[in-house]
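Listed here are the chains, written in short residue letters.
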Amino acid sequence: NLAGLLESQGKYNEAEPLYKRAIAIGEATLGPDHPNVATRLSNLAGLLESQGKYNEAEPLYKRAIAIGEATLGPDHPNVATRLSNLAGLLE
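Below is a summary of the structure that appears in this document.

Reading guide: rules and limits
Residues numbered from 1 in each chain as written. Predicted model: local features only at pLDDT ≥ 70, side-chain atom pairs only at ≥ 80, totals over all residues. Heavy atoms only, no water. Helix = DSSP H or I, 4+ residues; strand = E, 2+ residues; numbered from the N terminus. Expected span 1.5 Å × (residues − 1). Buried < 20%, exposed > 50% of the residue type's maximum accessible area, 1.4 Å probe, protein only. Arc of directions from axis to C-beta. Contact = heavy atoms within 4.5 Å. Core = buried A, V, L, I, M, F, W, Y, C linked by side-chain atoms within 4.5 Å.

**Quick look at helix α2 (residues 12–30)**
Between the first and last C-alpha of α2 there are 26 Å, a value that for 19 residues agrees with the 27 Å anticipated at 1.5 Å per step. All buried positions along α2 are accounted for by A15, E16, Y19, I23 and G26. Looking straight down α2, one finds its buried side chains confined to an arc of 105 degrees; they lie on one side. In α2, the exposed residues that point more than 90 degrees away from the buried face are N13, R21, A28 and T29. If you follow the buried residues of α2, they end up packed against α1 (2–8) and α3 (35–50).

Below, the structure written as structure tokens:
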């Protein structure tokens, strides 16, 4: 995806609005609690974390975890990945 490519190039200011737009589109078309929205939230959280914006990233990771647990189950690999990401943020 373009946001991910820009992020990998260090173009964080260009990537962030694309991640946010993808979240908004997902919420509008799939619903706010859809697993795809959780993935997009986690992607944005990762971008924010890489910029040192920990206070902004944490609630996004937590929301992505909550969506995943509710829709995929608490033992799903995606939930485990998000829990690990959150743990890394909190270290």
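From this point, the narrative continues.
**As for the nonpolar core**
Nonpolar side chains tend toward joint burial in soluble globular proteins. The biggest cluster of nonpolar side chains holds 20 residues, and the ones touching the most others in it are Y19, L41, L44, A57, L60 and Y61. Every element with two or more residues in this core is listed here: α1, α2, α3, α4 (54–71) and α5 (77–90). Once residues within four sequence positions are removed from consideration, L41 is found in contact with I23, L60, R63, A64 and I67.

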